[in-house]
Amino acid sequence: MSEANPNGNAAPCKTPVVWILAGVLFLLATGMRVWLILTPNVGYKWDQILFAIWSRNLYRDGFHSFFETSTTCDYPPLMLLILWAIAPLASLVDPTLHHELVWRMFVRIPASLADVAVVALLFVEGKRIFGPRKALAAAALYYLNPLTLYNSAYWGQVDAIHSALLLASLVLLNRRQSCSSGALAGLALAQKLQSISILPLILLETYRLGGWRKLGWFLVGGVVSFGVVCAPFALSGVLDDVISRGYLGAVGRYQDLSRNAYNFWYALGIPSIGDTTVPPFIARIIAQGAEQFQDHGSWLFLFRWRALGLVLYGLCVALVLSVYSLRPGLISRFGAAGMLALTFFLFPTEMHERYVFPALAFLPLWAVTGSWKERVFFLLNMILLLNISAVLPAGDMSRHLAVALLLLYVGVTIWCAYSSTFGEAEERDSNLHPMNPETANPETSVGANWPFQWLRRLTHVAFILVAVSFGSFAIAYWISPETRDPENTMYLTSLDPLEAKQGWGALTKDRSVGGGMIYLGGEYFMRGLGTHAPSKLVYDVPVGYDWFEATVGVNQGADELGSVIASVEVDGKIVFTSPTLVAAGKPRFVRVPISGAKTLVLEGSPTEDSAYGDHFDWALARFVRSADLSP
């Protein structure tokens, strides 16, 4: 076959060569995945070991005994069923159930198979919409993407599974198969809670395209599939544990503003702050000039970091859906789904670096419809790859990357030699496959568009309300009095230490070392020093002061595992040693004489459980004259 070129001459069809090259690249990508899975000791060891332990114990002990003995498992039911299902296969290779590397290999297989499922879905749906060439390009954008290889076969994470299920749900929605679409959405939610990020779009589109009847069938499908997955756990009597750990306990498990996700909170420079603590600008309004205040009694405590993140996330979701509603359709639907996944990654607290993964499954079908979209897609991938590689460096798969690069170089060279050019003639751009009348014509809506109309109006109202709220906070903050130092008192935050050494981060003034408020024993403190054990702070004692005072404890915004022993040394003599301080315990008040002393040393030592999470504070650390001694 041949096609006419712009000059009217017949040009040879390059389709066979394109398909051959595509086949080579897809075999290369598949081979890389298989090679990585079979290579021992690559990837994120601790995640793989954890999945392997769960898989082995589920197979050996059964669901009931597993939940009686396991305290770390916090995944929803479908993920547990997947780990249980691969165990018999792993046991064929390792009948003794003791070879860790065998199990680490098998737990990476489901996510890699999910990658293949995403590729198949992208190609099948892309062919229906565009035709085979762009469908192949969309599939390649996913399967040849370093991020998908990195996350599934190398790291050993499972985000590809719910991404494949969500993509399948959207593909079935395009075909007006609401019940099946709901069933797959229910499975996605049963595999990982993060699936909820795409559901607003799917629910709205199900109603728009099919009305209440189709929305009802969607919900029926979702409830049935979720119930089927939960049935084995209900029969084993552990469904309450599964729901509690996989869903109810998922929010608040880590409590960081960002857990290695380079998002909005990293942009503000405060990713390590506890998301249940009060923001400083709210604290100043509450304090009204006081040095400290209790963690209760004011309605302003509703505006903690987590709540502010959820408000911001909700507004951005409404904005994405509002923009989509201006011109809904097949291609826009995939773009909106990708943007919702990105929104979920950017604004709520407690995000991990991998939670953006579903965007990689949705955006390829959007990206192949325009050159600028492809550039955006590549830029997004570059940023996200740098994010994920910051947690898991690529050094362990350096040989794999070298072989892939060489093969890619050889393939491109052969292709360019065959075509006699390093460029390519511009092809006719067609957004929709002309041979498919269903996708070539604009979509018709069975349901009404009133949800979108009201959504746009509510979005405008919401942004006005948020603007007024933040404006009110700014005015209240501006007129609230600043914290003033009492007479005959010198806070250590006004001095520079002679020496400041600590195990993590740098000494901070008037905030915790993680960046949040100083928060001890249910009280917030406006002044003090934030540090991390092991810590040693050395100060000159100013002339004329008689006492050193402070309240010392592990910051409640830090990890619950933190534990520290604090001590005070005056002129080489230890005058105070605390018991073991923990975040959930009471802080200790320190008052030691310093009259005539030269040097004050504040130390914090980690306990036997290591220095993990040992953020601790010297709240209201100050030198005091006797005439102004606190009662």
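These lines cover the structure that appears in this document, whether it is placed above or below. (Residues numbered from 1 in each chain as written. Predicted model: local features only at pLDDT ≥ 70, side-chain atom pairs only at ≥ 80, totals over all residues. Heavy atoms only, no water.)

Quick look at the sheet that holds strand E4 (residues 292–294) now. Think of a sheet as strands paired side by side through backbone hydrogen bonds, with each pair either parallel or antiparallel. Within the open sheet, the three strands sit side by side as E4-E10-E9. Their pairing is antiparallel. Two strands bound the open sheet, and with one partner strand each, they are E4 and strand E9 (518–520). Here the strands of the sheet are splayed against their neighbours by 25 degrees on average, with no regard to which way each runs. Of the strand pairs in this sheet, E4 and strand E10 (residues 523–525) are connected by three bridges, and their pairing is antiparallel. From the neighbouring strand, Gln292 faces E10, where its bridge partner is Phe525. (Pairing = 2+ DSSP bridges. Helix = DSSP H or I, 4+ residues; strand = E, 2+ residues; numbered from the N terminus. Axes fitted to C-alpha atoms, helices over the stretch in contact; angles between N-to-C directions.)

Now for the pattern of salt bridges. In the structure shown here, the tally under the stated rule is 20 salt bridges. One salt bridge in this structure joins Asp159 and Arg354, with 3.4 Å as the shortest N-O distance. With Asp159 in helix H8 (residues 159–174) and Arg354 in the loop between strand E5 (351–352) and helix H16 (358–367), this pair connects stretches of sequence that are 195 residues apart. Residue classification places Arg354 among the buried residues on the basis of a relative accessible area of 6%. Notably, a salt bridge pairs Arg306 with Asp275, separated by 3.0 Å at the nearest N-O pair. Residue Arg306 is located in helix H14 (residues 305–326), and its partner Asp275 is located in the loop between helix H12 (264–267) and helix H13 (280–287); the two are separated by 31 residues in the primary sequence. Take Asp275: its relative accessible area is 0%, and that puts it in the buried class. Members of the salt-bridge network, linked through shared partners, are Asp159, Lys192, Glu353 and Arg354. (Salt bridge = Lys/Arg side-chain N within 4 Å of Asp/Glu carboxyl O. Buried < 20%, exposed > 50% of the residue type's maximum accessible area, 1.4 Å probe, protein only.)

In a regular helix each residue adds 1.5 Å, so 21 residues correspond to 30 Å; helix H5 (residues 109–129) covers 30 Å between its end C-alpha atoms and thus fits that length. The complete set of buried residues in H5 reads Pro110, Ala111, Ser112, Ala114, Asp115, Val118, Val119, Leu122, Glu125, Gly126, Arg128 and Ile129. Gly131 lies just past H5 and shows a positive phi near 110 degrees. (Expected span 1.5 Å × (residues − 1).)

Moving on, we come to the nonpolar core. Membership of the largest hydrophobic core comes to 118 residues, with the highest contact counts inside it found for Leu80, Leu83, Tyr142, Leu167, Ile198, Phe233 and Phe362. Here this core takes eleven residues from H8, the largest share from any one element. With near-sequence residues (within four places) excluded, Tyr142 lies in contact with Asp115, Val118, Val119, Leu122, Thr148, Ala160, Phe357, Leu360, Ala361 and Pro364. (Core = buried A, V, L, I, M, F, W, Y, C linked by side-chain atoms within 4.5 Å. Contact = heavy atoms within 4.5 Å.)

On to a nonpolar patch on the surface, then. Together, Trp217, Val220, Val224 and Val228 line one region of the surface with nonpolar side chains, adding up to about 370 Å² of accessible area. If you trace the backbone, Trp217 turns up in helix H10 (residues 199–236). Classification of Trp217 by relative accessible area gives partly exposed; the value is 43%. (Patch = residues over 30% accessible without salt bridge, like charges linked within 9 Å, V, L, I, M, F, W, Y side chains within 5 Å. Areas by Shrake-Rupley, 256 points an atom, 1.4 Å probe, with all protein chains shown as cover.)

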